[in-house]
Amino acid sequence: MNKPARHRLTAAAMTVVALTVGTAACSSGDGTSSAKAADSGTYTIWDPYPQFAKDSAWVKLLDGCGSKAGVKVKRTAFDTSDLMNKALLAAQQDNSADVLILDNPVVSTLAEAGALTTTDENKLDTSKVDPNLLAAGQSGGKTYGTPIGANTLALYYNKEVLKAAGVDVASVKDWKSLTAALAKVKKAGKKGITFSAIGTEEGSFQFLPWFWGSGAELTELDSSQGVSALSLWTGWLKKGYAPNSVINNTQTTSWQEFASGDYAFAENGTWQLANAEKAGFDYGVLPIPGADGGNAAAPTGGEFVTVPVQGDTGRYAITRKLVSCLTSTDNLYDTDTTLSYVAPTGEVQDKQVAANPKLKPWVQAVKSAKGRTSDDLGTQYPKISEQMWKAVQSALSGSRSPKDALTAAQDAAK
């Protein structure tokens, strides 16, 4: 096959902004900065899953794929943001891991830095992957990896609270009907909705379904649609439908509020499913509605399996076998069950829903989801996102109107 040429790292490798993403949290992990193995029979894999120990199903899968390819796998786990920094440094030193599993917004950053090969170069088949999920790993018309799974946001709801307030969840189809439901819940003496609006990427992550659900685009933060989305949130706070604590809430603290049993709704992700089962009350899940109905596009979380550029191009043949193994239909099902992810292919999604019908609304949400760096935003996204969360903070705190906050954000993002 044609070997990928040695890419030259661009200035982006020196000026990249580390992303802290709004997906399931990972604890810090130990890892060495050296990716090169002692012998050609050992292949290195770096991942952002320090929560998985050597005896976990995930690590056993990595080892199994190595055995199938006839090599030994040396796996190192990093915290998400630390992984990107280590990957950039390794790329500069021609010391990259053979396989790099990256949070999806980081893929375009490393691709634009010249640190990743394309799927075409390595003859990796992505034809079964849902296009909206694959888009998160695309830049400049090229694809840099394949998603191992996806998570996204939806609305959890407390069936007992809604019943007591006389709300039929089937009536919640758009912003107007959702707001009407929140009004009924408050009148019944309960609490409406909680979410995370903290001044970090988590805040942008949670605001995006409402922003995109309004019809707004990230290239025009201050459009009338974008203003309507921020006005929705500020209106909820002013009317007491959402607590002031959302300004400082992470997705974890927001979940803790919902788990108290007092709230009707909570915006959160698939990674809370296990906690939902332990909450002690009957819950349901529905996709976040768009302003005028339908499912809003929520941002995709989850990782991509990528192949970094190697000085020794002879390593790519085995690397391709490892990636193909990790993303095979059978292995995706097991892996995404372990990670609480929705699979990136329809075939495996159907298998997941058959095994666990509670995943159906999550599959629907993922099918409507959108990558944060989609629309070829690439390395522009972190700057746009920072201005977005700053606008949300200033509007919710009352220091600026939604329109003024987003106008200032758009000016700064330029």
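Preceding block: the structure.
Residues numbered from 1 in each chain as written. Predicted model: local features only at pLDDT ≥ 70, side-chain atom pairs only at ≥ 80, totals over all residues. Heavy atoms only, no water.

Engineer: I would appreciate a short explanation of the side chain of threonine 319 in the present structure.
Structural biologist: Take threonine 319: it is sitting in helix H12 (residues 316-326). A distance of 3.0 Å separates the side chain of threonine 319 from the backbone oxygen of arginine 315, its partner in a polar contact. Beyond its immediate stretch of four places on either side in the chain, threonine 319 contacts Tyr43, Asp98, Val99 and Val307. (Helix = DSSP H or I, 4+ residues; strand = E, 2+ residues; numbered from the N terminus. Polar contact = N/O pair within 3.5 Å; in protein donor to acceptor, adjacent residues only side chain to side chain. Contact = heavy atoms within 4.5 Å.)

Engineer: Quick question: what am I supposed to make of the pairing of strand E1 (residues 42-47) here?
Structural biologist: Within a regular strand, side chains alternate between the sheet's two faces. Of all six residues in E1, six are buried; the element is thus mostly enclosed. The alternating pattern of E1 places Thr42, Thr44 and Trp46 and Tyr43, Ile45 and Asp47 on opposite faces, both of which are buried. Note: E1 against strand E2 (residues 72-77), six bridges, orientation parallel. The residue of E2 that forms the bridge with aspartate 47 is alanine 77. Chirality of the crossover, the property in question, places the unit of E1, helix H2 (residues 57-69) and E2 among those that are right-handed. With two bridges joining them, E1 and strand E3 (residues 99-103) adopt parallel strand pairing. (Buried < 20%, exposed > 50% of the residue type's maximum accessible area, 1.4 Å probe, protein only. Pairing = 2+ DSSP bridges. Right-handed = clockwise from strand over helix to strand, strands pointing away.)

Engineer: How should I be thinking about helix H4 (residues 104-112) in this particular structure?
Structural biologist: An α-helix turns once per 3.6 residues; consequently, residues spaced three or four apart project the same way. The buried count for H4 comes to eight of nine residues, which makes it a mostly enclosed element. Buried positions along H4 lie against helix H3 (80-92), E3, strand E4 (138-139) and strand E11 (303-306). A positive phi of about 85° marks glycine 114, the residue just after H4.

Engineer: Honestly, the sheet that holds strand E9 (residues 263-269) in this entry has me stumped. Any pointers?
Structural biologist: Strand-to-strand pairing in sheets goes through backbone hydrogen bonds, with the strands running parallel or antiparallel. Pairing is mixed in the open sheet, where four strands are placed in the order E8-E9-E7-E10. The open sheet is flanked by strand E8 (191-194) and strand E10 (283-286), the only strands paired with a single partner. With direction set aside, neighbouring strand axes in the sheet form an average angle of 20°. Here three bridges tie E8 to E9, and the two strands are oriented parallel to one another. Looking across to E9, one finds that isoleucine 193 is bridged to phenylalanine 265. (Axes fitted to C-alpha atoms, helices over the stretch in contact; angles between N-to-C directions.)

Engineer: Where do I start with the state of the cysteines in this structure?
Structural biologist: Such a bond, covalent and formed between the sulfur atoms of two cysteines, is termed a disulfide. Inspection of every chain in the model, using the stated rule, returns one disulfide. At a sulfur-sulfur separation of 2.1 Å, the disulfide partner of cysteine 65 is cysteine 325. A torsion of -75° about the S-S bond marks the disulfide between cysteine 65 and cysteine 325 as left-handed. Residue cysteine 65 is found in helix H2, and its partner cysteine 325 is found in helix H12; the two are separated by 260 residues along the sequence. (Disulfide = S-S within 2.5 Å.)

Engineer: Looking at this structure, I do not really get the packing of H3 against H4. What am I missing?
Structural biologist: Between two packed helices, both the angle of their axes relative to each other and the distance between the axes serve to describe the pair. At a minimum axis separation of 11 Å, H3 and H4 run at an interaxial angle of 15°. Considering their axes alone, H3 and H4 lie roughly parallel with respect to each other. Crossing geometry of H3 relative to H4 is assigned as right-handed. Contacts between H3 and H4 involve Met84, Ala87 and Leu88 from the former and Val106, Thr109 and Leu110 from the latter. Residue classes in the contact of H3 with H4 are distributed as five nonpolar, one polar and no charged. (Parallel < 35°, antiparallel > 145°, perpendicular 65-115°, else oblique. Left-handed = near helix turned anticlockwise from the far one by under 90°. Nonpolar A, V, L, I, M, F, W, Y, C, P; charged D, E, K, R; others polar.)

Engineer: How should the pairing of E3 be read in this particular structure?
Structural biologist: Summarising burial for E3: five of the five residues are buried, a large majority. Relative to E11, E3 is paired through four bridges, and the arrangement is antiparallel. Paired with leucine 102 across the two strands is phenylalanine 304, which belongs to E11.

It is worth stressing that arrangement in space is one thing and function is another; only the former is reported here.
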